[in-house]
Amino acid sequence: MRSVGRPQFFLRIAELCDSANGERRQQLEALADNLSATLSAVAERTESRLEDASQRLAQIISAAAEEDSGEFLVPLSDTKLKALRTSVENALTKNQLDEAVLSTVHASTKKAQEDGLDGVVAILRKLLQLYAASTLNFIIQPPNSSEQAQNNTQPNSSFHPDYQAAIDCYSELMASDADKHWDSILQRNLKGDPPKVGKNQLLAVVQAQIEQTVLLQENGSFAQRVQAEFLREIVARIETILPTTPDDLDKQDSNDLLNAFLDQTSVKSEKTSTNALAEESIFDNGKDSTSK
């Protein structure tokens, strides 16, 4: 399609028409007309899809705008963050937040950065965070998580107590604002006295999400990239808060594999020019500002 859409292609057909006669010339002219009509139809359809995606995006983020002015005040208040989360979840339920909208988010973020609209950039990044949290907010059972310990005080639980604590921590992260609350949640769970959650159990939950959710996305897609970056941020914060534990040596290969996959996913997405997100992380906070 790209080759057909280039001017050189039609110039070549014109050259062939000039040197052709009779039926052959008519065939070439008909070919040029048919291709031109097809390209026009494709362009019109693409433009319609982009317009539809832009309208859906505007509707989703409107939940975070101030009612009286239509402006975005960042950082978002708890009320506006909750409203945006609900808007994202509703859009996902109705299949209104798809790859086309994520592509529009990328284009809109880039344009807002160029125009210096830090508030809009912050809102769009927050939308991506909430998108990832909503699509990853269910539990994939990690390997060996259902083995029952001899001292299990929850005989009716389907998970080993250590993994149940990790699952509860993961669920709390998914339901919380990454910028405001993740560090305190991880500090409380990983470094309490005694710790509520084992570092490697929590990483095992993250790895299970990657293997069973992120890998199922189209390779190089916006959805895969956003989800992988979201989980990468969790891993990075875990490692920052608790860089070493007594059993890290036994689990190092597993953790290296987890980070290697996240790196590979990021590289593949960056090489796909039409599907690459902006270089800035979706966790880079916008400046406190007011933006239209």
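The structure under discussion appears in the preceding block.
Computed from a predicted model, the values in this text were never measured in an experiment.

Student: Now, about the overall build of the protein: what can you tell me, with residues and values included?
Tutor: Secondary structure summary: the protein contains 10 helices and 2 strands in total. Each helix (α) and strand (β) of the protein, taken in turn from the N terminus, gives the series α-α-β-α-α-α-α-α-α-α-α-β. Contacts spanning at least 24 positions in sequence make up 71% of the contacts within the protein whose residues lie at least 6 apart. Carbon and sulfur atoms make up 49% of the accessible area of the protein, which totals about 16,300 Å².

Student: A description of helix α7 (residues 178–190) should follow, citing residues and the corresponding values.
Tutor: Among the residues making up α7, those that are buried are A178, W182, I185, L186, N189 and L190. Take α7 and look down its axis: the buried residues cluster within an arc of 100°, on one side only. On its buried face, α7 sits against α5 (118–135), α6 (161–174), α8 (199–212) and α9 (222–241).

Student: Before we move on, could you go through the nonpolar core and cite the residues and values that matter?
Tutor: Core analysis: the biggest nonpolar cluster contains 61 residues, and Y170, L202, F230 and I234 have the highest contact counts within it. Looking at this core element by element, the count peaks at 11 residues for α5. Within the second largest apolar cluster, 6 residues are counted, among which are I13, C17, A32 and L35.

Student: Residue-level account of the pattern of salt bridges, with values.
Tutor: Pairs may arise between side chains of opposite charge once their charged atoms sit close together. In the structure shown here, the tally under the stated rule is 12 salt bridges. K199 serves as the salt-bridge partner of E239, at 2.9 Å between the closest nitrogen and oxygen. In this pair, E239 sits in helix α9 while K199 sits in helix α8, placing the two residues 40 residues apart along the sequence. Where R225 meets E229, a salt bridge forms, and the shortest distance between an N and an O atom there is 3.9 Å. With R225 and E229 both in helix α9 and 4 residues apart, the pair spans about one turn of that helix.

Student: Can you break down unusual backbone geometry residue by residue, with the values?
Tutor: Cis geometry marks the peptide bond from V74 to P75, where omega comes out at 0°. For P75, the location among the structural elements is in the loop between β1 (72–74) and α3 (78–93). Note that the residue after D193, namely P194, is joined by a cis bond; omega there is 5°. Assignment of secondary structure puts P194 in the loop between α7 and α8. One non-glycine residue with positive phi stands out, namely N95, at about 60°. When you line up the elements, N95 lands in the loop between α3 and α4 (99–115).

Student: For the packing of α8 against α9, give the residues involved together with the corresponding values.
Tutor: Two quantities define a packed helix pair, namely the angle between the helix axes and the distance between the axes. Put simply, α8 and α9 touch, their axes get as near as 10 Å, and they point 170° apart. As summarised for this structure, α8 and α9 are arranged roughly antiparallel, according to the angle between their axes. Along its contact with α8, which presents K199, L202, L203, V206, Q209 and I210, the element α9 presents L231, I234, V235, I238 and E239. Of the residues in the contact of α8 with α9, the class split is 8 nonpolar, 1 polar and 2 charged.

Student: Pulling in residues and values, what's your account of the packing of α3 against α5?
Tutor: Close contact between α3 and α5 brings their axes to 9 Å; oriented N to C, the two are set at 55°. Our classification of the angle between α3 and α5 gives oblique. α3 and α5 meet at a crossing whose hand is right-handed. Each of L81, L84, R85, V88, E89 and L92 in α3 lies in contact with α5, whose residues at this interface are I123, K126, L127, L130, Y131, A133, S134 and T135. Grouping the constituent residues of the contact of α3 with α5 by class yields 9 nonpolar, 2 polar and 3 charged.

Basis of the calculations
- Residues numbered from 1 in each chain as written.
- Predicted model: local features only at pLDDT ≥ 70, side-chain atom pairs only at ≥ 80, totals over all residues.
- Heavy atoms only, no water.
- Helix = DSSP H or I, 4+ residues; strand = E, 2+ residues; numbered from the N terminus.
- Contact = heavy atoms within 4.5 Å.
- Areas by Shrake-Rupley, 256 points an atom, 1.4 Å probe, with all protein chains shown as cover.
- Buried < 20%, exposed > 50% of the residue type's maximum accessible area, 1.4 Å probe, protein only.
- Arc of directions from axis to C-beta.
- Core = buried A, V, L, I, M, F, W, Y, C linked by side-chain atoms within 4.5 Å.
- Salt bridge = Lys/Arg side-chain N within 4 Å of Asp/Glu carboxyl O.
- Axes fitted to C-alpha atoms, helices over the stretch in contact; angles between N-to-C directions.
- Parallel < 35°, antiparallel > 145°, perpendicular 65-115°, else oblique.
- Nonpolar A, V, L, I, M, F, W, Y, C, P; charged D, E, K, R; others polar.
- Left-handed = near helix turned anticlockwise from the far one by under 90°.

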